[in-house]
Amino acid sequence: MANREIISLRELQDKIKRSVEGALPGKFWIRAETGDVKFHSAGHCYIDLIDKEERGGVKAKVQAVIWASSFRIIRPYFETTTGRVLEKGLSILVNVMVQYSALYGLSLVIYDIDPSFTIGEQELKRQQTIAKLKEEGMFGLNSSIEIEPLPRNIAIISSETAAGYRDFMKHLHENDYGFVFNTTLFTAPMQGQSAPAGIIEAMEQVALNLQKYDLLLIIRGGGAAQDLICFDNYELALNIAQFPLPVITGIGHDHDIHIADMLAHTSVKTPTAAAVFVLELFIAEEQQLNSIARRVFLSLQSRIDKEFLRAQRIKERIVSITAARFREEEYKADLNEKRVLAASPFLILEKGFSIVLKEGKRISSVVDLKKDQDISLLLKDGKISCNIKSIQYE
Amino acid sequence: MVKLVVTLNRYNMNKDKSFTYKEALSQLEELVKKIENPETQLEDITCEVKKALELIKYCRETIKGYKDEAAKLME
């Protein structure tokens, strides 16, 4: 016990510091993934650097710091070059020096970050996500759903305060055609790391009342590339592909297409374009209806014309048949008149003929008469009584 | 088709409502036969001729009535 060498904690820490820093002098380029990232009010940035196993477990971890003096330069360069904010889950290549502090222990001081590495990793990850989704048969899945002819019940996932959402609502509801839509907003964060999970949760909400909606729109206004990186998320893309309603994305961006767009039924560039897309479905349907209506009207018109002609011909037939019938009846009256007048003895008397009567009956043949019989002769203005003296046969 | 039924009170000198054109025609036929028949007593003939001519007039008026009515319907 007497030979024990006793040193203070501080002395030990100094030994460790000298050993560690002495054994690892200079700067190293190391690749790692970012864990928690914290920004200090003084302008320093504290990052947990980690290495993960294939299965996702953490196999190495160290605390790193970027001093404010470096971070002022590193941060804007990194963010503009990669299009990403420095946050958890990034693959980065950093230039570090090992530092040991008696108070805080081991940490790495970051002097530089190479953004091109992150871009490469990011693109690689993106391509891997696309390949995986393709392999799983997710491409073309949602777009195989047929859109209702008139999708007027629309579920929207967006952020209420987003300018893009307001543009969309204005454009859709104040349309020049008088189409009326039922829109229901499901709010979700539309940027940052919480966006994919938030959007998926909103999709689950829509799915609870699936029969109420014809279409799902995921929209947000334009933003910086780093705001939109969440739309390359695998889980989100998977949910969009498998969603039972047609999904239309209108994620304000001009250049790159995101994986969410690839798996959606239809992707358009902006929320306003999404409104136009929906309106055009209605316009197309209306035009088709109009053309059908025109065809119905025309065929009805020609049918009416045909029937009208037919009725006209029937009427003409009736007119001519009736006229013929009347002529026939008039002829009968004429004929009867002629017969009456012809048979009437008075006309004969007028003409100077006389009628022979025997006991009041007309005699037309001498056969009916005998000598010495009394007969009468009828003249137009009187009657003569006669006695037959003789009869001559002809 | 519109059934052209004309009750004859408009034209009928006998004021007999059941008297139709058809009956007038058959009466007329009978009268004509009677007039044409030499057996008919001359005293009767005067009356028959008068009746026949009245019936003919009636028939003509009836026909004209129907004709006007039909013409109106066809307008």
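Located above this text is the structure these notes cover.
Residues numbered from 1 in each chain as written. Chains lettered and ligands numbered in written order. Predicted model: local features only at pLDDT ≥ 70, side-chain atom pairs only at ≥ 80, totals over all residues. Heavy atoms only, no water.

### Side note on the environment of S267 of chain A
Residue and element names in this part refer to chain A.
Then step 1. Considering the arrangement of structural elements, one finds S267 in strand β10 (residues 266-268).
Then step 2. We classify S267 as partly exposed; its relative accessible area is 31%.
Then step 3. As a C-alpha pair, S267 and I219 span 48 residues in sequence and 10.0 Å in three-dimensional space.
Then step 4. Apart from the residues within four sequence positions on either side, S267 is in contact with T249, I257 and D261. (Helix = DSSP H or I, 4+ residues; strand = E, 2+ residues; numbered from the N terminus. Buried < 20%, exposed > 50% of the residue type's maximum accessible area, 1.4 Å probe, protein only. Contact = heavy atoms within 4.5 Å.)

### Side note on the pairing of strand β8 (residues 215-220) of chain A
Residues and elements named next belong to chain A.
Then step 1. Burial within β8 is extensive, with six of its six residues counted as buried.
Then step 2. The side-chain alternation of β8 yields two buried faces, one formed by L215, L217 and I219 and the other by L216, I218 and R220.
Then step 3. As defined by bridge partners, strand β6 (residues 153-158) adjoins β8 across four bridges and the pair is classed as parallel. By the bridge assignment for β8, A155 is matched with L216. (Pairing = 2+ DSSP bridges.)

### With respect to unusual backbone geometry
Then step 1. One non-glycine residue, D372 of chain A, lies in the positive phi region at around 70 degrees.
Then step 2. As for its placement among the helices and strands, D372 of chain A is situated in the loop between β12 (361-363) and β13 (374-379).

### Digging into the sheet that holds strand β11 (residues 355-358) of chain A
Two pairing modes exist for strands in a sheet, parallel and antiparallel, and in both the strands are linked by backbone hydrogen bonds.
Residue and element names in this part refer to chain A.
Then step 1. Ordered in space as β12-β11-β13-β14, the four strands form an open sheet in which the pairing is antiparallel. Each of the sheet's edge strands pairs with one partner strand only, and the pair in question is β12 and β14 (382-387). Here the strands of the sheet are splayed against their neighbours by 40 degrees on average, with no regard to which way each runs.
Then step 2. Here β13 pairs with β14 via six bridges, running antiparallel. Note on β14: the bridge partner recorded for D374 is N387. (Axes fitted to C-alpha atoms, helices over the stretch in contact; angles between N-to-C directions.)

### Focus on the environment of S116 of chain A
Then step 1. Of note, S116 of chain A is situated in helix α3 (residues 115-135).
Then step 2. As a C-alpha pair, S116 of chain A and I92 of chain A span 24 residues in sequence and 9.0 Å in three-dimensional space.

### Some details on the pattern of salt bridges
Residues and elements named next belong to chain A.
Then step 1. Enumeration according to the criterion identifies 20 salt bridges over all chains in this entry.
Then step 2. Close ionic contact of E79 with R75 constitutes a salt bridge, the shortest N to O distance being 3.4 Å. One end of the pair, E79, and the other, R75, are both in helix α2 (residues 68-82), four residues apart, so they sit about a helical turn from each other.
Then step 3. On the basis of relative accessible area, R75 is assigned to the partly exposed category, the value being 34%. (Salt bridge = Lys/Arg side-chain N within 4 Å of Asp/Glu carboxyl O.)

### Things to note about the interface of chain B and chain A
Then step 1. Taken together, the 27 residues of chain B in the interface contact 25 residues of chain A.
Then step 2. Taken as a group, L42, R60 and M74 of chain B account for 25% of the area that chain B buries against chain A, more than any other trio of residues on that side.
Then step 3. Scanning the region where chain B abuts chain A turns up five salt bridges.
Then step 4. As a salt-bridge pair, E330 of chain A and K67 of chain B come within 2.9 Å of each other at their nearest N and O atoms.
Then step 5. Remark: the boundary between chain B and chain A carries five residue pairs in polar contact (both at pLDDT 80 or more).
Then step 6. Counting only elements with at least two residues in the side of chain B that touches chain A, the list comes to α1 (21-36) and α2 (42-73) of chain B.
Then step 7. At twelve residues, α2 of chain B tops the list of elements feeding residues into the side of chain B that touches chain A. (Buried area = accessible area lost by both parts, 1.4 Å probe. Polar contact = N/O pair within 3.5 Å; in protein donor to acceptor, adjacent residues only side chain to side chain.)

### Brief notes about the packing of α3 of chain A against helix α7 (residues 234-242) of chain A
Residues and elements named next belong to chain A.
Then step 1. Between α3 and α7, the shortest axis-to-axis distance is 10 Å and the interhelical angle comes to 30 degrees. As summarised for this structure, α3 and α7 are arranged roughly parallel, according to the angle between their axes. In this structure, α3 meets α7 at a crossing whose hand is right-handed. Counting all contacts with α3, which are made through T129, K132 and L133, the residues of α7 involved are Y234, A237 and L238.
Then step 2. Tallied by class, residues from the contact of α3 with α7 come to four nonpolar, one polar and one charged. (Parallel < 35°, antiparallel > 145°, perpendicular 65-115°, else oblique. Left-handed = near helix turned anticlockwise from the far one by under 90°. Nonpolar A, V, L, I, M, F, W, Y, C, P; charged D, E, K, R; others polar.)

### Notes on the nonpolar core
Then step 1. In this structure, I157, I199, L216, I218, F231 and I240 of chain A are the most contacted members of the largest nonpolar core, which totals 34 residues.
Then step 2. Among all residues touching F231 of chain A, those that are not within four sequence positions of it are M190, I199, I218, R220, L236, I251, H258, I259 and A260 of chain A.
Then step 3. One finds A333 of chain A together with I35, V49 and L55 of chain B within the second-largest nonpolar core, a separate group that totals 27 residues. (Core = buried A, V, L, I, M, F, W, Y, C linked by side-chain atoms within 4.5 Å.)

### Re the packing of α2 of chain A against α3 of chain A
All names here are of chain A.
Then step 1. It is the contact of α2 with α3, at a shortest axis distance of 9 Å, that shows an interaxial angle of 30 degrees. Between α2 and α3, the angle falls in the class roughly parallel. Remark: the crossing between α2 and α3 carries right-handed chirality. Contact with α2, carried on its side by Y77, F78, T81 and T82, involves P115, T118, I119 and Q122 of α3 and no other residues of that element.

### Side note on the sheet that holds β10 of chain A
Residue and element names in this part refer to chain A.
Then step 1. Spatially, the five strands line up as an open sheet ordered β7-β6-β8-β9-β10, and their pairing is parallel. Looking at the sheet topology across the chains shown, the edges are occupied by β7 (182-187) and β10. Direction aside, neighbouring strands of the sheet carry axes that sit 20 degrees apart on average.
Then step 2. In terms of strand pairing, β8 meets strand β9 (residues 247-251) through five bridges, oriented parallel.

### Some words on the packing of aromatic side chains
Residue and element names in this part refer to chain A.
Then step 1. Under the counting rule described, the total for this entry stands at five aromatic pairs over all chains.
Then step 2. With a centroid separation of 5.6 Å and an interplanar angle of 20 degrees, the aromatic rings of Y177 and F179 are classed as stacked.
Then step 3. Since its relative accessible area comes to 14%, F179 is described here as buried.
Then step 4. Where F186 meets Y213, the ring centres are 5.9 Å apart and the plane angle is 80 degrees; that geometry is what we call edge-to-face. With F186 in strand β7 and Y213 in the loop between α5 (195-208) and β8, this pair connects stretches of sequence that are 27 residues apart. Y213 carries the same exposure label as F186, and that label is buried.
Then step 5. Across the ring face of Y111, the terminal group of K27 is positioned such that the distance to the ring centre comes to 4.4 Å.
Then step 6. Here K134 stacks its cationic end above the ring of F139, 5.3 Å away from the centre of that ring. (Phe/Tyr/Trp six-rings, centres within 6.5 Å; stacked < 30°, edge-to-face > 60°. Lys NZ or Arg CZ within 6 Å of the ring centre and 35° of its normal.)

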